[in-house]
Amino acid sequence: MGVLPVPAEVRAILLDIEGTTTPIAFVQETLFPYIRDNVKEYLRAHWEEEECQRDVRLLRKQAQEDSSLDGVVPIPLESGSGEEELERVIQAVVDNVHWQMSLDRKTTALKQLQGHMWRAAYATGHVKGEIFEDVVPAIRKWREAGMKVYIYSSGSIEAQKLLFGYSTEGDILELFDGHFDTKIGPKVESESYRRIAASIGCATNNILFLTDVPREANAAEEADTHVAVVIRPGNAGLTDDEKSYYSLISSFTELFLPSST
């Protein structure tokens with residue numbers, strides 16, 4: 001794809017994760033299946049812990065809010081009447097989690113439980129965050145050139161830090177100046193990029209956003225943020241119009257920083 005010069009006014013590079021720093025397959029074929037396959041065992045092992053109980057209460061509340069949706073699985077309250085009832089409640093939580101995941105939902109309740117399960121999986125070495133091999137050397141170069149580097153992902157900040165803290169490249173959290181998730185706003189809304197710029201302490205046109213999703217690129221551009229769309233193996237294809245409109249890169253090494261000459 002050649003070399004993409006970074007505008008001289010850019011002071012910070014904002015990175016998406018899935019399909020940008022990390023293969024989509026890692027999320028779809030490792031992280032999510034881990035939840036589906038291990039949620040019952042996790043709940044049984046941690047049920048008495050306050051953190052797990054908070055997760056279950058949040059999922060129960062979400063199920064009540066979802067009561068009008070087709071296929072929703074309600075989560076009954078536990079009355080303390082024995083093992084059989086406990087198993088029924090746990091199975092209801094499992095079924096609710098599977099139902100939400102089958103619809104690719106991003107509720108806070110679901111993301112919170114997933115984050116806690118992934119934390120345990122990373123810490124025990126069952127999961128390591130996959131990073132494309134060009135990512136770490138490129139970020140090191142950017143930082144040496146005085147660039148700030150931030151993450152913006154729909155995954156929670158905790159999940160982001162786990163992925164980069166327990167990655168195939170080791171603990172690389174030191175490479176990032178900060179993390180943003182959808183608490184600052186959805187990635188497809190331009191206002192989110194204005195809030196990120198304000199949080200960083202710069203103008204929106206001092207930021208270059210790298211993502212594989214044209215809708216996100218469009219929202220960032222509307223906020224006067226510079227964008228490049230990342231082409232990686234396994235990413236969704238782009239239309240001809242998208243290919244001709246956006247700056248495209250297939251590796252972080254294709255970014256050329258004026259200050260790095």
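1. Describing the side chain of Asp16
Along the polypeptide, Asp16 turns up in the loop between β2 (12–15) and α1 (24–46). Of the residues examined, Asp16 reaches a relative accessible area of 4% and is grouped as buried. A polar atom in the side chain of Asp16 sits 2.8 Å from the side chain of Thr20. Within the structure, Asp16 has its side chain in polar contact with the side chain of Lys187 (distance 2.7 Å). Beyond its immediate stretch of four places on either side in the chain, Asp16 contacts Thr21, Tyr152, Lys187, Phe209, Leu210, Thr211, Asp212 and Glu216.

2. Observations regarding the pattern of salt bridges
What the rule picks out here adds up to 16 salt bridges. Of the charged contacts, one joins Arg54 and Glu50 as a salt bridge, the two residues approaching to 3.9 Å between their closest N and O atoms. Pair noted here: Arg54 and Glu50 are both in helix α2 (residues 50–65), with a separation of four residues, about one helical turn. On the basis of relative accessible area, Arg54 is assigned to the partly exposed category, the value being 42%. When its relative accessible area of 43% is taken as the criterion, Glu50 is described as partly exposed. Through salt bridges with shared partners, a single ionic network connects Asp16, Lys187 and Glu216.

3. Regarding the environment of Val3
As for its position among the elements, Val3 is in the segment before β1 (4–5). Classification of Val3 by relative accessible area gives exposed; the value is 60%. A C-alpha to C-alpha distance of 8.2 Å links Val3 and Thr253, two positions 250 residues apart in sequence. Each residue touching Val3, except ones within four places of it in the same chain, is listed here: Glu254 and Phe256.

4. Observations regarding the pairing of strand β5 (residues 207–211)
For β5, the tally of buried residues reaches five of five residues, placing the bulk of the element in the interior. Of the two faces of β5, the one carrying Ile207, Phe209 and Thr211 and the one carrying Leu208 and Leu210 are both buried. As judged from the four bridges shared by β2 and β5, these two strands associate in the parallel manner. Across the sheet, the residue bridging to Ile13 is Leu208, located in β5. Relative to strand β6 (residues 226–230), β5 runs parallel, the two sharing four bridges. Bridging from a neighbouring strand, Leu210 pairs with Ala228 of β6. Crossover β5 to β6 through helix α8 (residues 214–222) is right-handed.

5. Remarks on the sheet that holds strand β3 (residues 148–152)
In space, the six strands of this open sheet follow the order β4-β3-β2-β5-β6-β7, with parallel pairing throughout. The sheet is open, and its two edges are formed by β4 (178–180) and β7 (248–249), each paired on a single side. Two elements, β2 and β3, share four bridges in a ladder whose sense is parallel. When the bridges of β3 are listed, Ala12 appears paired with Lys148.

6. Brief notes about the environment of Gly237
Checked against the element boundaries, Gly237 lands in the loop between β6 and α9 (240–245). You can call Gly237 exposed: its relative accessible area is 70%. Taking C-alpha positions, Gly237 is 22 Å from Thr30, a pair spaced 207 residues apart along the chain.

7. What about the nonpolar core?
If you look at the biggest cluster of nonpolar residues, it comprises 60 residues, and the most contacted ones within it are Leu15, Trp142, Leu210 and Leu255. Setting aside residues no more than four positions away along its own chain, Trp142 makes contact with Ile13, Leu15, Met147, Val149, Leu210, Phe252, Leu255 and Leu257.

8. What to know about the layout of surface pockets
One number sums up the size of the largest pocket: a volume of about 850 Å³. Contributing to the lining of the largest pocket are 32 residues, with Glu18, Phe32, Lys106, Ser154 and Gly155 lying nearest its centre. Elements with a contribution of two residues or more to the lining of the largest pocket: α1, α4 (108–123), α6 (157–165) and α8. Along the lines of polarity and charge, the residues of the lining of the largest pocket split into 13 nonpolar, eight polar and eleven charged. Of the voids in this model, the second largest pocket is the one considered here, and its volume is about 270 Å³. Lining the second largest pocket are Thr108, Lys111, Gln112, Gly115, His116, Ser156, Ile157, Glu158, Asp181, Thr182 and Lys183. For the lining of the second largest pocket, the elements supplying multiple residues, two or more each, are α4 and α6. It is α4 that provides the largest number of residues to the lining of the second largest pocket, a total of five residues. When its residues are assigned to classes, the lining of the second largest pocket shows one nonpolar, six polar and four charged.

Cut-offs used in this document
- Residues numbered from 1 in each chain as written.
- Predicted model: local features only at pLDDT ≥ 70, side-chain atom pairs only at ≥ 80, totals over all residues.
- Heavy atoms only, no water.
- Helix = DSSP H or I, 4+ residues; strand = E, 2+ residues; numbered from the N terminus.
- Buried < 20%, exposed > 50% of the residue type's maximum accessible area, 1.4 Å probe, protein only.
- Polar contact = N/O pair within 3.5 Å; in protein donor to acceptor, adjacent residues only side chain to side chain.
- Contact = heavy atoms within 4.5 Å.
- Salt bridge = Lys/Arg side-chain N within 4 Å of Asp/Glu carboxyl O.
- Pairing = 2+ DSSP bridges.
- Right-handed = clockwise from strand over helix to strand, strands pointing away.
- Core = buried A, V, L, I, M, F, W, Y, C linked by side-chain atoms within 4.5 Å.
- 1 Å grid on protein atoms, 1.4 Å probe; cavity = no way out; pocket = protein on both sides within 12 Å on 5 of 7 lines; lining within 4 Å.
- Points joined across faces, edges and corners; volume = space filled by probe spheres on them.
- Nonpolar A, V, L, I, M, F, W, Y, C, P; charged D, E, K, R; others polar.

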